[in-house]
Amino acid sequence: MDETEFWELVDAAREAAEGDPEEQADVLVDRLLRLDPDLVLDFARHFEARYNRAYTWDLWGAAWVLLDGASDDAFDFFRCWLIGQGREVYEGAVHDPDSLADLLGDFDEEIDGDGEELGYAADEAYEQLTGTVAPDLGIPPARAEPEGTPLDFENARVLAERYPRLWERFKE
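Each value, and the rule that gives it
- Residues numbered from 1 in each chain as written.
- Predicted model: local features only at pLDDT ≥ 70, side-chain atom pairs only at ≥ 80, totals over all residues.
- Heavy atoms only, no water.
- Helix = DSSP H or I, 4+ residues; strand = E, 2+ residues; numbered from the N terminus.
- Rg over C-alpha atoms; globule rule 2.2 N^0.38 Å.
- Salt bridge = Lys/Arg side-chain N within 4 Å of Asp/Glu carboxyl O.
- Buried < 20%, exposed > 50% of the residue type's maximum accessible area, 1.4 Å probe, protein only.
- Phe/Tyr/Trp six-rings, centres within 6.5 Å; stacked < 30°, edge-to-face > 60°.
- Lys NZ or Arg CZ within 6 Å of the ring centre and 35° of its normal.
- Patch = residues over 30% accessible without salt bridge, like charges linked within 9 Å, V, L, I, M, F, W, Y side chains within 5 Å.
- Areas by Shrake-Rupley, 256 points an atom, 1.4 Å probe, with all protein chains shown as cover.
- Lys, Arg positive; Asp, Glu negative; His and termini not counted.
- Charge placed at Lys NZ, Arg CZ, Asp CG, Glu CD.

### Here's the deal with the overall build of the chain
So, step 1. The helix and strand inventory of the chain stands at 10 helices and 0 strands.
So, step 2. Across the chain, helices and strands are ordered from the amino to the carboxyl terminus as α-α-α-α-α-α-α-α-α-α.
So, step 3. Relative to the 2.2 N^0.38 estimate, which gives 16 Å for 172 residues, the radius of gyration of the chain is 16 Å and therefore close to what a compact globule would have.
So, step 4. Along the longest, intermediate and shortest principal axes, the C-alpha atoms of the chain span 50 × 35 × 25 Å.

Structure below.
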């Protein structure tokens, strides 16, 4: 599975689920079940690589603004949700987290921003297909600390300066 096929699966599942992240995960599992187990592992590798790439202080700060706070777990689930938004939103956010203000349509913090189930979709599909737990993907583990310079998430001024568009759209 190449990168384009990965994103096509993500996009098709999001569209079928009409943007609901939990439903998107269910649709994604159903679609992965139609594939060979090796392709499911390829999907998992693509997902994990993007998940690790999004482990940055800058994205965590954007998640903090969007979600009105984001614990370690909440940021993990946010990164899964971000992947679920598709290539354009994901890449835009990785390159410029403040661009989420322009890239996101409606944002309901009760539904959006939490894609925990998306993070398990490939594992669930693989297990259903093979009856075994997915093997190690061979992806280097995530760094111990997010990439970049830590931000003071508790300081509204710092967040407003770092994410002016997000702050204006979601905090004011």
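### Considering the pattern of salt bridges
So, step 1. Inspection of every chain in the model, using the stated rule, returns 13 salt bridges.
So, step 2. Here arginine 143 and glutamate 147 are joined by a salt bridge, their closest N and O atoms 3.8 Å apart.
So, step 3. Arginine 143 gets classed as partly exposed once you look at its relative accessible area, which sits at 35%.
So, step 4. Salt bridges linked by common partners bring Asp96, Asp98, Asp102 and Arg165 together as one network.

### Notes on the packing of aromatic side chains
So, step 1. All told, the structure shown has 14 aromatic pairs when counted by the stated rule.
So, step 2. Ring centres of tryptophan 7 and tyrosine 90 lie 5.7 Å apart, and the angle between their planes is 40°; this geometry places the pair in the tilted category. You can see tryptophan 7 sitting in helix α1 (residues 3-16) and its partner tyrosine 90 sitting in helix α6 (residues 87-95), a full 83 residues away along the chain.
So, step 3. Judged by its relative accessible area of 2%, tryptophan 7 is buried.
So, step 4. When the centroid spacing of 5.6 Å and the interplanar angle of 85° are considered together, the rings of tryptophan 81 and phenylalanine 107 count as edge-to-face. With tryptophan 81 in helix α5 (residues 72-84) and phenylalanine 107 in the loop between α7 (100-103) and α8 (121-130), this residue pair connects regions lying 26 residues apart in the sequence.
So, step 5. With a relative accessible area of 16%, phenylalanine 107 lands in the buried category.
So, step 6. Seen from the ring of phenylalanine 6, arginine 50 lies directly overhead, with NZ or CZ sitting 5.3 Å from the centre.
So, step 7. Its guanidinium or amino end placed over the ring of tyrosine 51, arginine 79 lies 3.8 Å from that ring's centre, counting from NZ or CZ.

### Quick word on a negative patch on the surface
So, step 1. Negative charge collects at one region of the surface, where Glu18, Asp20, Glu22, Glu23, Asp26, Asp30, Asp114, Glu117, Asp123, Glu124 and Glu127 lie side by side.
So, step 2. Secondary-structure elements contributing two or more residues to the negative patch are α2 (21-32) and α8.
So, step 3. At 4 residues, the largest contribution of residues to the negative patch is made by α2.
So, step 4. As for its placement among the helices and strands, glutamate 127 is situated in helix α8.
So, step 5. Given a relative accessible area of 43%, glutamate 127 falls into the partly exposed group.

### Here's the deal with the environment of glutamate 15
So, step 1. As for its position among the elements, glutamate 15 is in helix α1.
So, step 2. As a C-alpha pair, glutamate 15 and valine 133 span 118 residues in sequence and 28 Å in three-dimensional space.

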